[in-house]
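Secondary and tertiary structure notes
Listed here are the chains, written in short residue letters.
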Amino acid sequence: MTVINATSLEQALQALRDLPGARIVQGGTDLMVEVNFNRTKVDDVVALRRVNELKRWHVDEDARTIRIGAGVPYAEMERSPLREHVPALAQAARTVGSPQIRAAGSLGGNLGTCSPAGDGLPVLSALDATVHLQSLGGSRDLSVHEFMLGVKKNARRPDEVIVAVTLPLLEGFQGYAKVGTRNAMVISAASACVVHDPRGGSVRVALGAVAPTVVRARNAESWLAAQTNLRDTLTVSANLAREFGQRAAAECSPIDDHRSTASYRRHAVAVLVERLLLRANDHQKETPR
Amino acid sequence: MATATSTKQRDGLGASALRPDGIPKVQGRFAFSSDAWADNMLWGATLRSPHPHARIRSIDVSAALAINGVSAVITADDVPGKLTYGLIASDQPVFARDVVRYAGEPVAAVAADHPETARRALAAIKVDYEILAPLVDAESAIDGSFPSIHPDGNVIRRQKIVRGDQSFVGDVVVEGTYEIGMQDQAFLGLEAALALPDDDGSGVELFVATQWLHEDQKQIAACLDLPVDRVRLTLGGVGGAFGGREDISLQVHCCLLALVTKRPIKMQYGREESFYGHIHRHPAKIFMRHHADRDGTLRRVEARVVLDGGAYASTSSAVLINAVTHMQGPYKCEIATVDGYAVRSNNPPCGAMRGFGVVQACFAHESQMDKLADACGLSPVDVRLKNAMQTGDKLITGQVVESVAPVARCIRETAALPMPDPLPENPDPLMIPGGSGLTAQRGNIRRGVGWGVSIKNLMYSEGFDDYATARCRLADGVATLQFATAEVGQGFVVLAQQIARTVLGVDTVLLEPISTAIGSAGSTSASRQTWMSGGAVDGACRRVREELFQRVADANGLDPLRLAIDGTDVVDTMGSLRVPVAQASRGVVFDHTFEHHHRATEELDENGQGNCHVAFAFVAHRAVVDVDPDLGLVKVVQVATAQDVGRVLNPLAAIGQLEGGIAQGLGLAVMEEIVLRDGKMRNPSFTDYLLPTALDAPTVVATMIEEPEPQAPLGAKGIGEPPCISVTPAIAAAIRAATGKELPRVPVRPQDIVFG
Amino acid sequence: MSNEFYRLTVNGIEHEVQDAWAGESLLYVLRERLGLPGTKGACEQGECGSCTVLMDGEAVCSCLVMAATAVEAEITTVEGLSVDGEPTDVQQSFVEAGGVQCGFCTPGLIVAVHHLLDRNPNPGELEIKEAISGNICRCTGYGRIFAAVEQARDQRRAAEAH
């Protein structure tokens, strides 16, 4: 049983090659729960905590994108200046677990675990994020939708490390909301991210915790695009927002479990999406261009 | 003369004296039972049934024994003495033998050199189960449609209360069926113990976190077939209890492994195992019908109470009595028809949790009082004031409430407490339901106000003599106290010091380890320790003082009745003599042990009539709640309370009890429930059994009503339970006010608000 | 079991961990191997905060840190906050304000509050609540805990002013 505390990406990739079946650990907030509850036998481990390049992020002004290292902790995403670049991500990051969890957890972990309730995933989905994977053999870029395959199933190959995600920097409204039974430290019963891309003329909606993976409500998106102008400015009435919410909710397949019921989750998603779209509407009034 | 002010300055009674274990606790030096360690110790672990009901065909431990590092594997066959234990009925097996009756029931235990080895040993034990259909519906236990799952039968106890004209029908009648979910004590300090066997195996020493050392001792000794005095218990630091440690959990297993392996055994539960390893609050279904005059005067209550006690009896019998005898609430009521059942099922066993049956009764009677208010055109406050109990009124058991009973005052003083500010135009998300989840804005929020008032009995009932013992020694101006009172966080250790400082005029009060080396203090439960153990410490200190005064009197040719304590001196109240206590106690040891008993109580007759309780305390709660009705999310903004405390002995400790109890009542109102399906717990973890966080805690505004209780040795009533009782219906009522929904069940879940 | 060997720096002191099972959490190693039982465990899932320690200046749940990966980090436990064994101002405030009942959540809270006040000397009510929202207390209902944090904050502010 070997633990490799990699200090470079190269070393980590080499270790993955040398130790097939090794588990990757970044913040440990998912893996260690499995270990503590004996659901996972730990053999070899490749730890990425000291791979500093995974903790960096930078803005490409020309491409209008931001590339965020897979090891950037949620606590940093909550704060300036990252917060200003991707507000919805900051909002989602603030709801992850507790402050202690946020100090350790990362998007790499969220993607690696690929739970449908992963808090960052609806934001990545709504922003059509690109996931960057690397192995000794080279690098691969996948859209986040190609990456997320099912409940706790993703497209990462065993010798690959998730190194970063790239997100577009958009000018319009973006918002995230998450429902849970208490006011802190909640596993979401339902979550939603709504993004308005004024230049592209689209509104994108992603739903979390209401299907085996995060759902992009593409039918609702198309419907909305046909109902009203989305380029540059957004005009949304209360009725439109309500119907948009219901159409988005119709695209999810929530379950009954000990946390909540399918009917509540579907209802909650409709309400969240409706409210987020209305916020997108109000946002424009507050930020004249 | 000693004055109240000087007492406070010297950290005597009435002062916010700081607790002696505070500094060790904040530095991480305080030894909880999980911190106990011994050289050469092994780790114990328990194998539990995954099935709620099954026959055990065979148990094969051979593969477990063969694992390197495993020292012992024990089952029911290895229990040397009594095979069962229990607080009231000895109906619970140390290890299941032929049948398991709940998911989580212990079947075997192992001792090994590392917790991981122990875990692997458990996995290697082969138990052949024949799965049986579980009894999970309480009504089936009552109507006899399910065969007995235990030799003692499926009904643990039934108690009726029949009083007054049973044919009476009121001009106004309101009814409802109320449900209370299964709450868990969820104390943070997980179960842990260290057992040290005597070299010759003739006895064992146990460090354990528990609520009643002597009751544990008695049950352990019986199961181990040892004389009681060969089983010595010392209290390991307790990380909270709230009723969850009254029953035996790992004690017998730990001691038995120690005796079998002849080595120290450490056992500790993880959180999941803790959920399986202790009893929970009884889930309940209560039908109530209130009859009143048109002006809202309560005339008759009817109730059918069903408590699901789970697989073993624990304290269900006593919980039931508390529930049925409190069904009328803190209100005058002459006529009652109550039928109550505590039933057995293959659900997880239930027993004591803070409030002990009265939590369930209170949710029902307070929900009913609001319906009555509506039906009579009265406000929730007025209907309660109209019917408020006073000293001299009777319970529906016929018992006269002799305690101070300032119910109307509790209500009025609560009503007088300031309301919280309305939400600002742009509230910080953390102030509104949904919090950082950003689910709502101000326009989505509705505010509601709700009320709850409660009566709660203090101490044990039905003829039980739950006395307490304490010893006081005084030498050279230093007092040393000894008691077996379990300190579980409530602060008895500081109260004891305050008593000694006040009675004896000493500053330094040392505390001996809490152990079975002295007589029983009874359980830390039932809001009883201030009264009972406080009474014992007070009694022991007074005996010491009496002897001290006699000595000073003899030395000075005075009548000892003239002497008093003033500050840290013995003074002649009618003369000039003043002798420091330190000097008067120099070179002598005064040593007295005192047992405090409360007055006798009676059993109830078949009509539920009898003076079965010792004394009562009262409290009112007003809850202000913000609700997002479209999402069903709730934030409890403020809880205002006036509580009948008798006398405040330590203001800081007292407000801590009120705020802590309110948080637990809030938990039951909106978020805490063990979810069962077919007898299995679906959420035995803190991920899904939700406890209130700092962002869920309301602002608490509190008044403590001090009308000294003549029966109580220090004038103080117990204060631990009332804060968690009527806050739950107050919050539910506030949510009803904000949403218009009926909400007959707690905890109120988002889907209940949205679809109810 | 394997024979893991690694070094951890805790409270300024380097410790060697020998013959450990790789899956052990930092919480387990602190308590059972390094003789530092001040940090408590109540859930093993990062849902209660009792196990909070500082790691490279951040407050994290030690039950979720694989000990063998915590090498080359500065780890501070509750035992390491005091200078010369004297209670810190935060610790003293907790005792004086009644923020300690059973004490099981207390070490984790003390670490979290130190972390809060060290990076934000002037937190408002909501900031305090959010900062400790990952620390569950079952006994106090948080009222006296808020009072303790405010007392420590105000004392530091007053000291700054002089």
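Anyway, here's the lowdown on the structure attached to this text. Residue numbers restart at each chain and count upward from 1, following the sequence in its written direction. Numbering of ligands from 1 and lettering of chains from A proceed in the order in which they are written. Only residues with pLDDT of at least 70 are given local features in this predicted model, and only at 80 or more are side-chain atom pairs given and counted; all residues enter the totals for whole chains, interfaces and linings. To obtain the side-chain values, all non-hydrogen atoms of the structure were included, while hydrogens and water were left out.

1. Some thoughts on the interface of chain C and chain A
By convention, interface size is frequently given as the accessible area that disappears when the constituent parts associate. For clarity, the cut-off: Contact between two residues is taken to exist if any of their heavy atoms lie within 4.5 Å; hydrogens are not considered. In this description, buried area is defined as the sum, over both parts, of the accessible area (probe of 1.4 Å) that is lost when the two are combined. Think of a salt bridge as a Lys or Arg side-chain nitrogen and an Asp or Glu carboxyl oxygen that are within 4 Å of each other. Polar contact is the term for a pair of N or O atoms within 3.5 Å; when the atoms are in protein, one must be able to donate a hydrogen and the other to accept it, and sequence-neighboring residues count only if both atoms are side-chain atoms. Comment: elements are numbered from the N terminus, with helices defined as DSSP H or I runs of at least four residues and strands as E runs of at least two. Lys, Arg, Asp and Glu make up the charged group, whereas Ala, Val, Leu, Ile, Met, Phe, Trp, Tyr, Cys and Pro make up the nonpolar group; the residues left over, Gly among them, are polar.
Counting residues at the interface gives 37 residues for chain C and 31 residues for chain A. Here chain C and chain A share an interface that buries about 2600 Å² over both sides, 58% of which is from carbon and sulfur atoms. Seen at the junction of chain C and chain A, the total is 4 salt bridges. Two residues, Glu47(C) and Arg182(A), come together in a salt bridge whose shortest N-O distance is 3.6 Å. Applying the counting criterion to the chain C and chain A interface returns 8 residue pairs in polar contact (both at pLDDT 80 or more). Mapped by element, the contributors of at least two residues to the side of chain C that touches chain A are strand 3 (52-55), strand 4 (58-61) and helix 4 (125-131) of chain C. Top element by residues in the side of chain C that touches chain A is strand 4 of chain C. It accounts for 4 residues. Of the residues in the side of chain C that touches chain A, the class split is 18 nonpolar, 11 polar and 8 charged.

2. Re the state of the cysteines
Convention followed: Any pair of cysteine sulfurs within 2.5 Å is marked as a disulfide. The buried label applies to any residue whose accessible area, calculated with a 1.4 Å probe on protein chains only, is under 20% of its type's maximum; exposed applies above 50%, and partly exposed to all values in between.
Across all of its chains, the model carries 0 disulfides over all chains by this definition. Just so you know, Cys114(A) is unpaired, no disulfide at all, and the nearest cysteine sulfur is the one on Cys193(A), 16 Å from it. Among the residues examined, Cys114(A) registers a relative accessible area of 2% and is labelled buried. Left unpaired, Cys139(C) is separated from the closest cysteine sulfur, that of Cys102(C), by 3.7 Å.

3. What about the sheet that holds strand 14 (residues 265-268) of chain B?
All names here are of chain B. Selection criterion: Two strands pair if DSSP finds at least two bridges between them. To obtain an axis, a line is fitted to C-alpha atoms, over the contacting stretch when the element is a helix, and the angle between two such axes runs from 0 to 180 degrees between their N-to-C directions.
What the 7 strands build is an open sheet, ordered 3-7-1-14-11-12-13; its pairing is mixed. Looking at which strands have only one partner, the edges of the open sheet turn out to be strand 3 (70-74) and strand 13 (231-235). Each strand of the sheet is rotated relative to its neighbour by a mean of 20°, with strand direction disregarded. Against the sheet, helix 6 (residues 213-224) makes contact with strand 12 (204-208) and strand 13, and its axis sits at roughly 145° relative to strand 13, the strand it touches most. Together, strand 1 (42-48), strand 3, strand 7 (106-112), strand 11 (192-197), strand 12 and strand 14 form the strand contacts of helix 7 (residues 251-261), whose direction differs from that of strand 3 by roughly 125°.

4. A closer look at the pairing of strand 21 (residues 468-475) of chain B
Across a regular strand the side chains alternate sides, sitting on one face of the sheet and then on the other. Residues and elements named next belong to chain B. Note that strand 21 and strand 27 (residues 590-596) share 7 bridges and pair antiparallel. Residue pairing across strands places Arg473 opposite Asp591, the latter belonging to strand 27. Linking strand 21 to strand 22 (residues 478-483), which pair antiparallel, is a turn of 2 residues; within it Asp476 sits at a positive phi near 55°.

5. Remarks on the sheet that holds strand 28 (residues 615-628) of chain B
Residues and elements named next belong to chain B. Taken together, 4 strands build an open sheet; the order of strands is 20-28-29-32 and the sheet is mixed. Two strands lie at the open edges of the sheet, namely strand 20 (446-458) and strand 32 (699-705), each paired on one side alone. Across this sheet, the average inter-strand angle for adjacent strands is 20°, counted without regard to direction. When strand 29 (residues 633-644) meets strand 32, the two strands line up parallel, connected through 7 bridges. Across the sheet, residue Ala640 finds its bridge partner in strand 32, namely Val701.

6. Here's the deal with the packing of aromatic side chains
Centre-to-centre distance and the angle between the planes together describe a pair of aromatic rings. As a reminder of what qualifies: For Phe, Tyr and Trp, rings pair up if their centres lie within 6.5 Å, where Trp contributes its six-membered ring, and each pair is then called stacked (planes under 30 degrees apart), edge-to-face (over 60) or tilted (otherwise). Definition used: whenever NZ (Lys) or CZ (Arg) falls within 6 Å of the ring centre and also within 35 degrees of the ring normal, the charge is taken to sit over that ring.
Considering all chains together, one arrives at 11 aromatic pairs over all chains under this definition. Consider the rings of Phe30(B) and Phe32(B), whose centres lie 4.9 Å apart with planes at 75°: the pair is edge-to-face. Seen from their ring centres, Tyr460(B) and Phe464(B) are 5.3 Å apart, and the 50° between their planes marks the pair as tilted. Exposure remark for Tyr460(B): the relative accessible area of 18% places this residue in the buried category. Pairwise contacts between aromatic rings join Phe30(B), Phe32(B) and Phe104(C) into one cluster. Positioned above the aromatic ring of Phe30(B), the side-chain terminus of Lys25(B) is 4.6 Å from the ring centre. The ring of Phe187(B) carries Arg245(B) above its face, with NZ or CZ at 4.0 Å from the centroid.

7. Some thoughts on the packing of helix 2 (residues 89-96) of chain C against helix 5 (residues 143-160) of chain C
Between two packed helices, both the angle of their axes relative to each other and the distance between the axes serve to describe the pair. All names here are of chain C. So the rule is basically this: In what follows, roughly perpendicular refers to angles from 65 to 115 degrees, roughly parallel to angles under 35, roughly antiparallel to angles over 145, and oblique to any angle outside these ranges. Crossing handedness is defined as follows: a turn of the near helix away from the far one that is anticlockwise and smaller than a right angle gives a left-handed crossing, while the clockwise case is right-handed.
Remark: helix 2 packs on helix 5, axes separated minimally by 8 Å, with the N-to-C direction vectors making an angle of 135°. The angle between the axes of helix 2 and helix 5 places the two elements in the oblique class. Crossing geometry of helix 2 relative to helix 5 is assigned as right-handed. Judged by residue contacts, Asp89, Val90, Ser93, Phe94 and Glu96 of helix 2 engage Ile145, Ala148, Val149, Gln151, Ala152, Gln155 and Arg156 from helix 5. Taken together, the residues that form the contact of helix 2 with helix 5 break down as 6 nonpolar, 3 polar and 3 charged.

8. With respect to helix 4 (residues 115-124) of chain B
Among all positions in helix 4 of chain B, only Glu116(B), Thr117(B), Ala118(B), Ala121(B), Leu122(B) and Ala124(B) are buried. Here the buried face of helix 4 of chain B lies against strand 1, strand 2 (54-60), helix 3 (62-65), strand 3, strand 7 and strand 8 (126-131) of chain B.

9. Points about the nonpolar core
All names here are of chain B. Put simply, the rule is: Side-chain atoms within 4.5 Å link the members of a nonpolar core, which is a set of buried Ala, Val, Leu, Ile, Met, Phe, Trp, Tyr and Cys residues.
Counting 92 residues, the largest nonpolar core has Leu206, Ile220, Leu224, Leu481 and Val537 as its most contacted members. If you tally residues by element for this core, the top one is helix 14 (residues 529-556), at 11 residues. Setting aside residues up to four positions removed in sequence, Ile220 forms contacts with Leu206, Val231, Leu233, Ile248, Gln251, Val252 and Cys255.

10. Looking at unusual backbone geometry
The omega angle of the peptide bond from Ser80(A) to Pro81(A) is -5°, so this bond is cis rather than trans. For Pro81(A), the position within the fold is in the loop between helix 3 (74-78) and helix 4 (82-85). For the bond from Val746(B) to Pro747(B), the omega torsion is 0°, close enough to zero to count as cis. Assignment of secondary structure puts Pro747(B) in the loop between strand 33 (745-746) and helix 19 (750-755). We note that Asp128(A) has phi near 50°; this positive angle belongs to a residue other than glycine. Turning to its location among the elements, Asp128(A) is positioned in the loop between helix 8 (121-126) and strand 6 (130-135). Judged by relative accessible area, which is 35%, Asp128(A) ranks as partly exposed. Backbone geometry at Met185(A) places phi at a positive 50°, although glycine is not the residue there.

11. Comments concerning the side chain of Gln217(B)
With respect to the element layout, Gln217(B) can be found in helix 6. If we skip the residues at most four places from it in the chain, Gln217(B) touches Val228(B), Val231(B), Leu233(B) and Thr516(B).

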